[in-house]
Amino acid sequence: MEYIGQLALIAIAAALINNFVLNYFVGICPFIGVSRRVDMAFGMGMAVTFVIFIASLLSWTFTFYILRPGAPLTSWIWQLLRPESTAIVDLSILNYIVYIFVIASSVQLVEMYVRKFFPPLYKSFGVFLPLITTNCAILFACLKIMANVSGVDGNVWGLGEALTLGVFGGLGFTLAIVIMAGIREELELCDVPKPLQGAGITLIVAGILALGFLGFGGVDKALERLIN
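Each chain carries its own residue numbering, running from 1 in the written order of its sequence. Predicted model: local features are reported for residues with pLDDT of at least 70 only, side-chain atom pairs are reported and counted for 80 or more only, and whole-chain, interface and lining totals are derived from all residues. Each side-chain value is worked out from all heavy atoms of the structure, with water and hydrogens disregarded.

K.L.:
Just to check I follow, could you spell out the packing of helix α5 (residues 95–117) against helix α7 (residues 136–149) for this structure?
P.N.:
Between two packed helices, what matters for the description is the angle formed by their axes and the separation of those axes. Working convention: axes come from line fits to C-alpha atoms, limited for helices to the stretch in contact. Angles between N-to-C directions cover 0 to 180 degrees. For the purposes of this entry, the term helix denotes a DSSP run of H or I that reaches at least four residues, the term strand denotes a run of E that reaches at least two, and both are numbered from the N terminus. Contact geometry of α5 with α7 gives a least axis separation of 10 Å together with a crossing angle of 135°. Considering their axes alone, α5 and α7 lie oblique with respect to each other. Here α5 and α7 pass one another in a crossing that is right-handed. Side by side, α5 and α7 meet where Asn-95, Tyr-96, Tyr-99 and Ile-103 of the first sit next to Ile-138, Leu-139, Cys-142, Leu-143 and Met-146 of the second. The class makeup of the residues in the contact of α5 with α7 is 8 nonpolar, 1 polar and no charged. Geometric relationships in this document are graded by angle, where less than 35 degrees denotes roughly parallel, more than 145 denotes roughly antiparallel, 65 to 115 denotes roughly perpendicular, and other angles denote oblique. Throughout, a crossing is termed right-handed when the near helix is turned clockwise from the far one, and left-handed when it is turned anticlockwise from it by less than a right angle. In this description, contact between two residues means that some pair of their heavy atoms is separated by no more than 4.5 Å. Throughout this entry, Asp, Glu, Lys and Arg are counted as charged residues, while Ala, Val, Leu, Ile, Met, Phe, Trp, Tyr, Cys and Pro are counted as nonpolar. The remaining residues, Gly among them, count as polar.

K.L.:
So what exactly am I meant to see when it comes to unusual backbone geometry here?
P.N.:
For residues besides glycine, phi is generally negative; the peptide bonds are generally trans as well. Even without being glycine, Phe-25 reaches a positive phi, approximately 60°. With respect to the secondary-structure elements, Phe-25 resides in the loop between α1 (2–17) and α2 (28–33).

K.L.:
Just checking my understanding: could you explain the nonpolar core for this structure?
P.N.:
What tends to happen in soluble globular proteins is that the nonpolar side chains get buried as a cluster. Within the largest apolar cluster, 49 residues are counted, with the highest numbers of intra-cluster contacts made by Phe-20, Leu-22, Phe-31, Ile-132 and Ile-138. Of all elements in the fold, only α1, α3 (38–67), α5, α7, α8 (159–187) and α9 (199–213) reach the threshold of two or more residues within this core. For this core, the element with the highest residue contribution is α3, accounting for 10 residues. Contact partners of Phe-20, with chain neighbours within four places excluded, come to Ala-14, Phe-25, Val-26, Ile-52, Ala-137, Phe-140, Ala-141, Leu-165 and Gly-169. Buried Ala, Val, Leu, Ile, Met, Phe, Trp, Tyr and Cys residues that are joined via side-chain atoms within 4.5 Å together make up what is termed a nonpolar core. Burial status follows relative accessibility: with a 1.4 Å probe on protein chains alone, a residue under 20% of its type maximum counts as buried, one over 50% as exposed, and anything between as partly exposed.

K.L.:
I would appreciate a short explanation of the pattern of salt bridges in the present structure.
P.N.:
Side chains carrying opposite charge are able to pair once their charged atoms draw close together. Salt bridges, as used here, are contacts in which a Lys or Arg side-chain nitrogen is within 4 Å of a carboxyl oxygen on Asp or Glu. In this structure the tally under the stated criterion is 2 salt bridges. Of the charged contacts, one joins Arg-37 and Asp-39 as a salt bridge, the two residues approaching to 3.3 Å between their closest N and O atoms. Taking relative accessible area as the criterion, Arg-37 reaches 40% and is therefore assigned partly exposed. A salt bridge links Glu-84 to Arg-82; the shortest N-O distance between them is 2.9 Å.

K.L.:
Would you mind going over the confidence of the model for the protein with me for this structure?
P.N.:
For any part of a model where pLDDT is low, the fine detail of the predicted coordinates should not be relied upon. pLDDT is a residue-level measure of predictor confidence that goes from 0 to 100. Averaged over every residue, the pLDDT of the protein is 84; residues scoring 70 or more account for 96%. Mean pLDDT values for the elements of the protein range from 75 in helix α10 (residues 219–227) up to 91 in α8.

K.L.:
How should I be thinking about empty space enclosed by the protein in this particular structure?
P.N.:
One water molecule sets the probe size; rolling that probe over the atoms shows where empty space is left. Here a cavity is any set of points on a 1 Å grid over the protein atoms alone where a 1.4 Å probe fits but cannot get out, and a pocket is any open set with protein on both sides within 12 Å along at least 5 of 7 lines; a residue lines the site when it has an atom within 4 Å of a point. Grid points are joined across faces, edges and corners, and a volume is the space filled by probe spheres set on the points. Counting across every chain of the model gives 1 cavity of 30 Å³ or more. Taken together, Leu-16, Ile-17, Asn-19, Leu-22, Asn-23, Ala-210, Phe-213 and Leu-214 form the lining of the largest cavity. The set of elements that each furnish at least two residues to the lining of the largest cavity consists of α1 and α9. Per-class residue counts for the lining of the largest cavity are 6 nonpolar, 2 polar and no charged.

K.L.:
I keep staring at the packing of aromatic side chains and nothing clicks. Help me out?
P.N.:
Geometry of an aromatic ring pair is reported as the spacing of the ring centres plus the angle between the planes. Within 6.5 Å between ring centres, the rings of Phe, Tyr and Trp (the latter by its six-membered ring) count as paired, and their orientation is classed by plane angle as stacked under 30 degrees, edge-to-face over 60, tilted in between. Evaluation of the coordinates by the stated rule reveals 8 aromatic pairs. Measuring from ring centre to ring centre gives 5.1 Å for Phe-64 and Tyr-65, while their planes differ by 75°; the resulting arrangement is edge-to-face. Tyr-65 gets classed as partly exposed once you look at its relative accessible area, which sits at 37%. Three or more aromatic residues joined by ring pairs form one cluster here, namely Phe-20, Tyr-24 and Phe-140. Each ring is checked for a lysine NZ or an arginine CZ that lies within 6 Å of its centre and within 35 degrees of its normal; such an atom marks a charge sitting over the ring. The aromatic ring of Phe-64 is capped on one face by Arg-68, whose charged end is 4.2 Å from the ring centroid.

K.L.:
Which parts of the structure should I look at to understand the layout of surface pockets?
P.N.:
Roughly 490 Å³ of volume is contained in the largest pocket. If you go around the largest pocket, you meet 21 residues; those closest to its centre are Gln-6, Leu-9, Ile-10, Ala-13 and Asp-220. Per-element tally for the lining of the largest pocket: the top contributor is α1, with 7 residues. For the lining of the largest pocket, the residue count by class is 10 nonpolar, 5 polar and 6 charged. In this structure, the second largest pocket occupies an estimated 240 Å³ of space. Lining the second largest pocket are 12 residues, with Ala-47, Val-110, Tyr-113, Val-114 and Phe-118 sitting closest to its centre. Mapped onto the lining of the second largest pocket, the elements with two or more residues apiece are α3, α5 and α6 (119–125). Counting residues per element, the lining of the second largest pocket draws most heavily on α3, at 5 residues.

This is the structure we're talking about:
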């Protein structure tokens, strides 16, 4: 029960309280660029969620078994090569390089899948689908997982916590971008002052939306007390 409660807290925090876009302000490029239509925004959100899921799975695996200080696989190989050594092997300097390769590979998988089975959606994405590779929200999720797997935040996450953060972080991104797209569709019917048309009103709406999500602050504490 305690483990399920912990996963629930991570899920709610990633999707609502600490929303990647509206709280940490990562992934702003697709959030602004692909939020003109709800269907397009939803497709982009699902693609980003899938990429974050794959990246979270692979980043946790590489970090836990290979990259973190004292990782079991690297320690075993080091002991085979230098049996007399008592040094702790630390390959965490390679984290960023490994994560970038993991994200790029995941995006290529998504791109091939969407192009094969959803050609209209692939055409509507245009250049923004390959640009998921540079979506800092995905790298941010990998770095959050790294911090918790390496024990930087005081505990060591298992695979369940890492996947929960990745999936619900992606769903939180989807929620934010779909809400934004719905508002922007309505704005096309409004009489927006000329100086604010385009990027101006979009950034104002994004700021108001971020303020609205601040209302979820403290929900995790209340849920934690309820679980305990």
